[in-house]
Amino acid sequence: MNQQFHPVTPLVLAAGIEPPACRTVALALADLQDHCGASFAASMQQLAGVVGLSKVQTRKHVHTLTSMGVLKVTANAHGGAPGLVPHYRFDASRLRAPAQQSGKTPDLFHSAP
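Residues numbered from 1 in each chain as written. Predicted model: local features only at pLDDT ≥ 70, side-chain atom pairs only at ≥ 80, totals over all residues. Heavy atoms only, no water.

> Break down the pattern of salt bridges for me, with residues and values.
In the structure shown here, the tally under the stated rule is one salt bridge. As a salt-bridge pair, Glu 18 and Arg 23 come within 2.9 Å of each other at their nearest N and O atoms. When its relative accessible area of 23% is taken as the criterion, Arg 23 is described as partly exposed. (Salt bridge = Lys/Arg side-chain N within 4 Å of Asp/Glu carboxyl O. Buried < 20%, exposed > 50% of the residue type's maximum accessible area, 1.4 Å probe, protein only.)

> How would you explain the nonpolar core if you had to name every residue and give the values?
With 23 residues, the main nonpolar core has Ile 17, Leu 29, Val 62, Leu 65, Phe 90 and Leu 95 as its most contacted residues. Among the secondary structure elements, those contributing two or more residues to this core are helix 1 (9–15), helix 2 (20–36), helix 3 (44–51), helix 4 (55–68) and strand 3 (87–90). At six residues, helix 2 tops the list of elements feeding residues into this core. Not counting the four nearest positions on each side in its chain, Leu 29 is found in contact with Phe 40, Ala 42, Leu 47, Val 62, Leu 65, Leu 71 and Phe 90. (Core = buried A, V, L, I, M, F, W, Y, C linked by side-chain atoms within 4.5 Å. Helix = DSSP H or I, 4+ residues; strand = E, 2+ residues; numbered from the N terminus. Contact = heavy atoms within 4.5 Å.)

> Quick one: what's the story with the pairing of strand 3, residue by residue and with numbers?
Only one face of strand 3 is covered, namely the one carrying Tyr 88 and Phe 90; the face carrying His 87 and Arg 89 has none of its residues buried. Relative to strand 3, strand 1 (residues 40–41) runs antiparallel, the two being bridged by two bridges. Bridge pairing in strand 3 places Ala 41 opposite His 87. Across four bridges, the pairing between strand 2 (residues 71–75) and strand 3 is antiparallel. Paired with Ala 75 across the two strands is His 87, which belongs to strand 3. (Pairing = 2+ DSSP bridges.)

> I'd like a rundown of the side chain of Thr 58, residues and numbers included.
Among the structural elements, Thr 58 can be located in helix 4. Excluding its chain neighbours within four sequence positions, the residues that come into contact with Thr 58 are Met 44, Leu 47, Ala 48, Val 51 and Leu 53.

> Can you explain helix 2? Please cite residues and give values.
With 17 residues, helix 2 should reach 24 Å at 1.5 Å per residue; the first-to-last C-alpha distance of 24 Å fits that figure. Along helix 2, the residues classified as buried are Cys 22, Val 25, Ala 26, Ala 28, Leu 29, Ala 30, Gln 33 and Asp 34. Tucked into the core, helix 2 has its buried residues touching helix 1, strand 1, helix 3, helix 4, strand 2 and strand 3. Backbone geometry just after helix 2 places Gly 37 at a positive phi near 115°. (Expected span 1.5 Å × (residues − 1).)

Structure, rendered in structure tokens:
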């Protein structure tokens with residue numbers, strides 16, 4: 001394996017994603033990426049069950065993360081065949097940008113690489 005693994009959960013924590021429900025969705029997705037690898041599949045139904053939101057609310061937050069540019073859809077972006085779920089990947093460089101804005105206080109307990 002040529003690429004070194006870097007967890008994205010610390011980056012998501014440091015990015016200061018708001019509102020809190022959107023941050024919760026981002027943290028659940030980050031946990032999936034940290035456990036599954038660079039690209040991972042997640043259905044809205046499964047994700048909604050994990051974060052305790054409705055499927056519609058969860059989809060709204062995932063769309064917010066993609067519009068911010070911190071989450072990329074890498075496969076099956078437009079629904080594709082029935083039964084297939086989108087694959088996602090966090091963009092580490094885009095996650096670092098909000099954390100480095102002036103006025104942000106670094107989290108000393110969850111330092112980002």
